[in-house]
2 protein chains.
Amino acid sequence: MQMPVPDPAILSRRAAIVARLRAVIGGGDVIDDPVEARAYECDALSAYRCPPLAVALPTTTAEVAAILQVCHAERVPVVPRGAGTSLAGGSMPTADAVVLGLARMNAVLEVDYADRQIRVQAGRTNLSISGAVDEAGFFYAPDPSSQLACAIGGNIGMNSGGAHCLKYGVTTNNLLGVTMVLMDGTVVELGGPMGEAPGLDLLGVVCGAEGQLGVVTEATLRILPKPAGARPVLIGFDSSETAGACVAAIIRAGVLPVAIEFMDRPCITATENFAAPGYPDCEALLIVEVEGTPPEIDEQLSLIRAIADDFAPVEFRESRSDEESRRIWLGRKSAFGAMGQMGDYMCLDGTIPVSALPQVLRRIAEMSDAAGLPVANVFHAGDGNMHPLIIFDANRPGDLERVEALGADILRLCVEVGGCLTGEHGVGVEKRDLMTAQFTDADLEAQMRVKDVFDPHWLLNAAKVFPLHVSASRREGLRNVA
Amino acid sequence: MQMPVPDPAILSRRAAIVARLRAVIGGGDVIDDPVEARAYECDALSAYRCPPLAVALPTTTAEVAAILQVCHAERVPVVPRGAGTSLAGGSMPTADAVVLGLARMNAVLEVDYADRQIRVQAGRTNLSISGAVDEAGFFYAPDPSSQLACAIGGNIGMNSGGAHCLKYGVTTNNLLGVTMVLMDGTVVELGGPMGEAPGLDLLGVVCGAEGQLGVVTEATLRILPKPAGARPVLIGFDSSETAGACVAAIIRAGVLPVAIEFMDRPCITATENFAAPGYPDCEALLIVEVEGTPPEIDEQLSLIRAIADDFAPVEFRESRSDEESRRIWLGRKSAFGAMGQMGDYMCLDGTIPVSALPQVLRRIAEMSDAAGLPVANVFHAGDGNMHPLIIFDANRPGDLERVEALGADILRLCVEVGGCLTGEHGVGVEKRDLMTAQFTDADLEAQMRVKDVFDPHWLLNAAKVFPLHVSASRREGLRNVA
């Protein structure tokens, strides 16, 4: 992987920069000890690492503004970080960057059940947002697999999804407003309690901008009343393509389950060995969960059964108890752990039109055979968000490069059939070179010009998202100014 | 109303500009006859009128690009126009502008039922999009009251809503991609079949940008399977505040009706006199409609009945037949016509948090009394989108100014309680001076800088949205270049 070249002039000023940061930080911390700073050298894309210049851990929006003012004045790059769970290197530092870690900013600021919204600091973890409103009967819908650890600030940066997003939408559909600090320290409010404001939708452009436009410090989120009940069914098929075709038929019929999860045989076998959920012996299975009152659930499941019957399922197992529901979900929830037991894997993240599922599953199987690298599939099928896992041995020389090449080919296939390069993990450093598969030079230029408006010196998380050669003149421009 | 000063240099070049337009227009038309052009001098905000320099009526994206290239080269302002149904002056011309009318671009380009999407030209009317997929059992959800006439291009510009948006979201939630022509003639694709793409969400920023960033010529839209059935109930209350409190309770409980419509006594009386729908004699009523299979409908309505009972309704009338459903909707659908019989009115469009409904209805009644101007309320209550109608006599000198002052006060009240200046009509020319009630100078500057990126010479619909004194230096900049 090509790394951006750090600015030696900044490295030589490290002590002076850290002193200026310490002078403004207030209740937070500044870390410059290399051993302590090592905890921030990578995120969940741990194959790539780089220790930062320093780490600042603020506790308030005012401290974030003060830190950014210093970095702006000194022309020091800044990398915002939530919980560091990015699988795409979204919070990976460069050597000349200050990591701005928001983990200490995790307070609930306001809860308004009447208008169904909550306001939190950006470092609060996804699951603990639902936790704060659970007793009152509410929850926050988007649920990334990492929801126990990941921060809402990161969710906003990546526009994260999750199993429940088929019904409730992704982060951008549940975000009403943010407090954001621009790179020069200006504090702005975008959106508001009503979600849609007059004028340009700058909240929408900030959500999913991977921390390149500003540092979100507070967010107002939509919360929803918990459903009366939920029930999963497990449907087994004799081929992946048939399972994919059944997903397309369910979506086409207009049934709206909360979740449609897909697992193929390599995944089923691995989870059966790992967690013994008692899954049927089949080539692929779907877990379809519906929500509502008992009559609503019965109604939806009878419709799903009628659709599934057209695809000759080898098993249709409807949960009849909480214990059975738990076992149905057990395998799916332990799938990534189970795959980890089998060897190293790279988790891809692309989206495709649901109608293309059968075709894309077949093509991936052919590409896997041709490359001699096993690929397992476990993913949110209902919204076409695929997560092929390429299995390999990290200790065998050359394997990582072959895996990266196969991964890139699979993501290009997603784009070809009308999908896109990322569903919920973001582009980060991992996929920046693939952006040219999705966008023309003019597209990328337009996106970079919008970044120019918010961050004219390209100091914020600047070595991400765009191919390095495409953003080079802008990123290097900042040195001439400094 | 203050009007922007036309550029005399452009007016003197009218014949040359029209000749250049005619040379590139292909199958479309260019109108410069002042009598014919008069049809384009205003939109549905008909109190304000200004004949344009000329009108171009293209039939293809390529013709739109050619027209914009000419106008860009000549530095002529352009005002895009769909069906001209804007209530906020969004397609009102200036004297030095070419109106770019899209009404002839109304083709269906592609329908894909498997992935539930349709691609149309931007001049196609909202209702005829549903019409194109009706036989296959699908519909396009956002349904502005003007849906018989309004164009999808205008819906995208204003991020339009409608009665069904409580359940299905507004335009931005149902828009997957657009083909857009930039002011210099460049054709760009934003979004795509998957809706969410990597990189910046420029589709989101374009939706609701009131035609200031580019001219949308084609759109890919989400279509939905028609529900199994629908049933309305009519609930009468002895005060507007109680009706408002009941709406807040329904939303808080998490029931999701398709529509919650509100009418107060002035509206009920007017529609009873006009269309005789047989409404009860009460201070305010709600029409709540739910969708689904018969058991789903029964389940939801029993829950709504239980909630409404806490507010001591004077009537709870559940439809038992298609004929009764038609009569329940008849009054609501004829409300604007009925109000028009009573005198002149100005229709406001602001949004508020649903929890603030009782308080805002009370304050509007007080402000109406103080101003001596009757205000009737009929609106989409479920999503807090209010449409107060101020009744007046356009022939009485001074009345229009008093109405405008009261309207501005009511919209400022919406902003004060956490809402915003417009729900679905847009800012246009009508509310540009009120933008400072919602946004700081820095907010407006940020929005204008994003427009700078797309339209550096401020040629596209430029005398809208921002207060004229705020955008003056940018709009006048173009003359120095020309």
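Numbers given to residues run from 1 along each chain, matching the order in which its sequence is written. Think of it this way: whatever chain is written first is A, whatever ligand is written first is 1, and the rest follow in order. For this predicted model, a pLDDT threshold of at least 70 governs which residues receive local features, and a threshold of 80 or more governs which side-chain atom pairs are given and counted, while totals over whole chains, interfaces and linings are taken from all residues. In computing side-chain properties, one takes all heavy atoms of the structure into account and sets aside hydrogens as well as water.

- The name given to chain A in an unreviewed UniProt entry is Glycolate oxidase, with Paracoccus sanguinis as the source organism.
- Per its UniProt entry, chain A bears the Cofactor (unreviewed entry) comment "FAD". UniProt positions are given in the numbering used here, feature names are shortened, and annotations may be inferred rather than shown by experiment.

**A word on the interface of chain A and chain B**
At step 1: With 57 residues of chain A at the contact, the number on the chain B side is 57 residues.
At step 2: Each salt bridge in this description consists of a side-chain nitrogen of Lys or Arg and a carboxyl oxygen of Asp or Glu lying within 4 Å of one another. Run the count over chain A and chain B and you get 0 salt bridges.
At step 3: Under the rule applied, a polar contact is a pair of N or O atoms within 3.5 Å (in protein, one hydrogen donor and one hydrogen acceptor; residues adjacent in sequence only if both atoms are side-chain atoms). Taken together, the links from chain A to chain B amount to 8 residue pairs in polar contact (both at pLDDT 80 or more).
At step 4: Segments assigned H or I by DSSP are reported as helices when at least four residues long, segments assigned E as strands when at least two residues long, and all are numbered from the N terminus. Of all elements in the fold, only helix H8 (202-206), helix H9 (240-253), helix H11 (294-309), helix H16 (435-438) and helix H17 (441-454) of chain A reach the threshold of two or more residues within the side of chain A that touches chain B.
At step 5: Considering every element that reaches the side of chain A that touches chain B, the biggest residue donor is H17 of chain A, with 8 residues.
At step 6: Looking at the side of chain A that touches chain B, its residues break down into 29 nonpolar, 16 polar and 12 charged. Throughout, a contact is declared for two residues whenever any of their heavy atoms are within 4.5 Å. For this classification, Asp, Glu, Lys and Arg are treated as charged, while Ala, Val, Leu, Ile, Met, Phe, Trp, Tyr, Cys and Pro are nonpolar and the rest, including Gly, are polar.

**Remarks on the relation of the copies chain A and chain B**
At step 1: Taken as rigid bodies, chain A and chain B are interconverted by a rotation of 180 degrees and an axial shift of 0.0 Å, the fit giving an RMSD of 0.0 Å. The symmetry that links the two subunits is that of a two-fold axis.
At step 2: A share of 100% of the interface residues of chain A reappears at the interface of chain B, consistent with the copies meeting face to face through the same patch. All copies are superposed by least squares; the fitting set is the C-alpha atoms of residues with a pLDDT of at least 70 in both.

**Brief notes about unusual backbone geometry**
Residues and elements named next belong to chain B.
At step 1: Its identity as a non-glycine residue notwithstanding, Arg-75 has a phi of 55 degrees, on the positive side.
At step 2: Topologically, Arg-75 is positioned in the loop between helix H4 (61-74) and strand E3 (78-81).
At step 3: Exposure is judged per residue with a 1.4 Å probe applied to protein chains only, and the accessible area is read against the type maximum: over 50% gives exposed, under 20% gives buried, and values in between give partly exposed. Of the residues examined, Arg-75 reaches a relative accessible area of 13% and is grouped as buried.
At step 4: One non-glycine residue, Asn-159, lies in the positive phi region at around 50 degrees.
At step 5: Among the structural elements, Asn-159 can be located in the loop between helix H6 (152-158) and helix H7 (165-168).
At step 6: Judged by relative accessible area, Asn-159 falls into the buried class, the value being 9%.

**Section: the confidence of the model for chain A**
Residues and elements named next belong to chain A.
At step 1: Scored from 0 to 100, pLDDT reflects the predictor's confidence in each residue. Scored by pLDDT, chain A has a mean of 91; 98% of the residues are at 70 or more.
At step 2: Summarising per-element confidence for chain A, the mean pLDDT is lowest in helix H18 (residues 468-481) (77) and highest in strand E3 (residues 78-81) (98).
At step 3: Scoring the predicted complex yields pTM 0.83 and, for the interface, ipTM 0.71.

**Some details on the environment of Leu-203 of chain A**
All names here are of chain A.
At step 1: Residue placement: Leu-203 occurs in helix H8.
At step 2: Note on Leu-203: relative accessible area 8%, which makes it buried.
At step 3: In sequence terms Leu-203 and Glu-189 are 14 residues apart; their C-alpha atoms lie 9.1 Å from each other.

**As for the sheet that holds strand E6 (residues 117-121) of chain A**
All names here are of chain A.
At step 1: What makes two strands pair is DSSP finding at least two bridges between them. Across the sheet, 5 strands lie side by side as E5-E6-E10-E8-E9; this open sheet has antiparallel pairing. This sheet does not close on itself; its edge strands, each paired only once, are strand E5 (108-112) and strand E9 (187-191). Looking at each pair of strands side by side, their axes are set apart by 10 degrees on average, direction ignored.
At step 2: Alignment of E5 against E6, held across 4 bridges, turns out to be antiparallel. Bridge assignment links Val-111 to a residue of E6, and that residue is Ile-118.
At step 3: Lines fitted to the C-alpha atoms define the axes, with helices restricted to the stretch that makes contact. Angles between their N-to-C directions range from 0 to 180 degrees. Strand contacts of helix H5 (residues 126-133): E5, E6 and strand E10 (215-222), with the helix running at about 135 degrees to E6, the strand carrying the most contacts.

**Notes on helix H13 (residues 335-342) of chain B**
Residues and elements named next belong to chain B.
At step 1: For H13, the complete set of buried residues consists of Ala-335, Ala-338 and Met-339. Buried residues in H13, looked at end-on, bunch into an arc of 100 degrees, giving them a common side.
At step 2: Lining the buried residues of H13 we find strand E13 (259-264), helix H10 (265-275), helix H12 (322-333), strand E16 (344-347), strand E18 (375-380) and strand E20 (388-392).
At step 3: Gly-343 sits one or two residues past H13 and shows a positive phi near 155 degrees. As used here, the arc belongs to the directions running from the helix axis to the C-beta atoms.

**Some remarks on the pairing of strand E12 (residues 230-237) of chain B**
All names here are of chain B.
At step 1: Taken across its 8 residues, E12 has 7 buried, putting it largely inside the fold.
At step 2: The pairing of E12 with strand E14 (residues 284-291) spans 8 bridges and is classified as antiparallel. In the sheet register, Val-233 faces E14, and the bridge partner there is Val-288.
At step 3: In this sheet, strand E15 (residues 315-318) lies alongside E12 in antiparallel orientation, the contact comprising 4 bridges. Bridge pairing in E15 places Ile-235 opposite Phe-316.

**Some words on H9 of chain A**
Residue and element names in this part refer to chain A.
At step 1: Taking 1.5 Å as the rise per residue, H9 with 14 residues should run 20 Å; its terminal C-alpha atoms sit 20 Å apart, in good agreement.
At step 2: Within the sequence span of H9, burial applies to Thr-242, Ala-243, Gly-244, Cys-246, Val-247, Ala-248, Ile-250 and Ile-251.
At step 3: Immediately beyond the C-terminal end of H9, within one or two residues, lies Gly-254, with a positive phi of roughly 85 degrees. Under the convention used throughout, the expected extent of a helix is 1.5 Å for every residue step, that is, one less than its residue count.

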